[in-house]
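Okay, here's what each chain looks like letter by letter:
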Amino acid sequence: MATKTLGAKIAFDDIQSRLHFTHVALELAGDDGDKEVAALLPPIGKLLGRWQELDRDKTAQGLATTRASALCKRRDMQLDAALTGLHHATLAAASQDRKDALFAHLFAKPLSDLTRPALENQLKVVAVVLDKLSQSEPHAALRKAHEKPLREALGQGEAALKERTKLQGTAAELTRRVDVLWEDANTALQGVLGGLQTLAAKRKLGREWVDSFFPDLPTRPKKPVKP
């Protein structure tokens, strides 16, 4: 039995495969001189063009998303490194006394707790430490040595997060475009089906002729018969 519509859970690549089958079947009939069938081609051809455009955009989106994820991990690591550098320098300045006010002011929590969060929350942690560092006069020497690398790492991390967030919006728009393509494809396939059924009635052809323009439903493997 041939399938003439696209299911709601159809894979993106399968949309192209199904449209392409019908397009080729109509085209072959046209090549054999059936102009009435060939006249049904244009909507399917346009949809295949849209699929190809979407496929290019999806590929580019996938590559950009991978890059953004890798960049965020790298920026998170760089933030950790800058924060760790300040931590070790502050502990040295406090003569390894974690209860010393110089150290406790910046690092009330263990370093492992401060470097554990992923990038989004790590930015907040570093921003708080920088604020404490910039407002404390006893930390002037530490500020001179560590404020710049911390601010640079913070700025780079914010830029990476912004890039990833922007790509998430692009991904949502691509999903919407795929949904629209799916809806338009079903409408076009129904239009082709209606046109073929009209021709079949006029030519006194059976359902098999109409079905020949659509791919067969995938067959399910038979369950083994129990002895």
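The structure contained in this document is the topic of the report that follows. Each chain has its residues counted from 1, following the order in which its sequence is written. Note on the predicted model: pLDDT of at least 70 is required for a residue's local features to be given, and 80 or more for side-chain atom pairs to be given and counted; whole-chain, interface and lining totals, by contrast, use all residues. Water and hydrogen atoms were dropped before computing side-chain values, which therefore reflect all heavy atoms in the structure.

### Focus on the overall build of the protein chain
Think of it this way: any DSSP run of H or I at least four residues long counts as a helix, any run of E at least two long counts as a strand, and we number them from the N terminus. Summing up its helical and strand segments, the protein chain has eight helices and zero strands in all. Each helix and strand of the protein chain, placed in order from N terminus to C terminus, yields the pattern α-α-α-α-α-α-α-α. Relative to the compact-globule value of 17 Å for 227 residues, the protein chain shows a C-alpha radius of gyration of 31 Å, a clear excess of over 25%. Categorising residues by exposure relies on relative accessible area from a 1.4 Å probe, with only protein chains included: less than 20% of the type maximum marks a residue as buried, more than 50% marks it as exposed, and the intermediate range marks it as partly exposed. The 227 residues of the protein chain split such that 37% are buried. Taken over C-alpha atoms, the radius of gyration is set against a globule rule of 2.2 Å times the number of residues to the power 0.38.

### Focus: the pattern of salt bridges
We count a salt bridge whenever a side-chain nitrogen from Lys or Arg sits within 4 Å of a carboxyl oxygen from Asp or Glu. One pass over the structure, following the stated rule, counts twelve salt bridges. As a salt-bridge pair, aspartate 113 and arginine 116 come within 3.0 Å of each other at their nearest N and O atoms. In this structure, aspartate 211 and arginine 207 form a salt bridge, with 3.6 Å as the shortest nitrogen-oxygen distance. One end of the pair is aspartate 211 and the other is arginine 207, both in helix H8 (residues 207–211) and four residues apart, which spans about a single turn. Owing to a relative accessible area of 61%, arginine 207 belongs among the exposed residues under this scheme. Three or more residues joined by partner-sharing salt bridges are found here, namely Asp34, Glu36, Lys202 and Arg203.

### Side note on the nonpolar core
Take the buried residues of types Ala, Val, Leu, Ile, Met, Phe, Trp, Tyr and Cys, join any two whose side-chain atoms come within 4.5 Å, and each joined set is a nonpolar core. Ranked by internal contacts, the top residues of the largest apolar core, which has 32 residues, are Leu26, Leu196, Phe213 and Phe214. Considering each element in turn, this core owes the most residues, eleven residues, to helix H7 (residues 140–203). When residues no more than four places from it in sequence are discounted, the contact partners of leucine 26 are Val37, Ala38, Leu40, Leu41, Ile44, Val192, Leu196 and Phe213. With 26 residues, the next largest nonpolar core counts Cys72, Leu119, Leu123 and Leu133 among its residues. For this analysis, residues touch if any pair of their heavy atoms sits within 4.5 Å.

### Focus on the packing of aromatic side chains
Each Phe, Tyr or Trp ring (for Trp, its six-membered ring) is paired with any other whose centre lies within 6.5 Å, and the angle between the two planes then decides the class: stacked below 30 degrees, edge-to-face above 60, tilted in between. Scanning all chains against the criterion turns up three aromatic pairs. Ring geometry for tryptophan 209 against phenylalanine 213: centres 5.2 Å apart, planes inclined by 75°, an arrangement best described as edge-to-face. Each member of the pair, tryptophan 209 together with phenylalanine 213, is buried. Lysine and arginine charges are scored as sitting over a ring when NZ or CZ, respectively, is within 6 Å of the ring centre and within 35 degrees of the ring normal. Note that lysine 58 overlies the ring of phenylalanine 12, its terminal NZ or CZ placed 5.1 Å from the centroid.

### A few points about the environment of serine 212
Within the secondary structure, serine 212 sits in the segment after H8. Given the relative accessible area of 41%, serine 212 is considered partly exposed. Put simply, serine 212 and isoleucine 15 are 197 residues apart on the chain and 18 Å apart in space, counted from C-alpha to C-alpha. If we skip the residues at most four places from it in the chain, serine 212 touches Phe21 and Ala25. At a separation of 2.6 Å, a polar atom in the side chain of serine 212 contacts the main-chain carbonyl oxygen of tryptophan 209. For this analysis, a polar contact is any N or O atom pair within 3.5 Å, provided that within protein one partner can donate a hydrogen and the other can accept it, and provided that sequence-adjacent residues contribute only side-chain to side-chain pairs.

### Digging into unusual backbone geometry
The residue serine 95 is not glycine, and still its phi comes out positive at about 55°. Mapped onto the elements of the fold, serine 95 is located in the loop between helix H3 (42–93) and helix H4 (101–106). Residue serine 95 is classed as exposed on the basis of its relative accessible area of 61%. A positive phi angle, near 60°, is found at lysine 204, a position not held by glycine. Along the polypeptide, lysine 204 turns up in the loop between H7 and H8.

### Remarks on the side chain of serine 136
As for its placement among the helices and strands, serine 136 is situated in the loop between helix H6 (119–135) and H7. With relative accessibility at 10%, the residue serine 136 sits in the buried group. Polar contacts involving the side chain of serine 136 include one to the side chain of histidine 139, which spans 2.5 Å. Those residues in contact with serine 136, other than ones at most four positions away along the chain, are His105 and Arg143.

### Some points on H3
Taking 1.5 Å of rise per residue, 52 residues should cover 76 Å, and H3 covers 76 Å from first to last C-alpha, within 8% of that figure. Looking one or two residues past H3, serine 95 carries a phi angle of roughly 55°, positive in sign. Expected span of a helix: the number of residues minus one, times 1.5 Å.

### Details of the packing of H6 against H7
Packed helices, taken two at a time, are described by the angle their axes make and the gap between the axes. Orientation is described by lines fitted to C-alpha atoms, with helices fitted over the stretch in contact, and by angles between N-to-C directions that extend from 0 to 180 degrees. It is the contact of H6 with H7, at a shortest axis distance of 10 Å, that shows an interaxial angle of 155°. One finds that H6 runs roughly antiparallel with respect to H7. In the crossing of H6 with H7, the sense of the turn from one axis to the other is left-handed. Taking contact as the criterion, the partners of Leu119, Glu120, Leu123, Val126, Ala127, Leu130, Leu133 and Ser134 in H6 are, on H7, Leu142, Arg143, Glu147, Leu150, Arg151, Leu154, Gly157, Glu158, Ala160 and Leu161. Under the convention adopted here, Pro, Cys and the residues Ala, Val, Leu, Ile, Met, Phe, Trp and Tyr are nonpolar, Asp, Glu, Lys and Arg are charged, and Gly plus all remaining residues are polar. Taken together, the residues of the contact of H6 with H7 sort by class into eleven nonpolar, two polar and five charged. Under this scheme an angle from 65 to 115 degrees is roughly perpendicular, one under 35 degrees roughly parallel, and one over 145 degrees roughly antiparallel; angles in between are oblique. Crossing chirality is assigned from the near helix's rotation relative to the far helix, an anticlockwise turn below a right angle marking it left-handed and a clockwise turn marking it right-handed.

So yeah, pure geometry; function would need other evidence.
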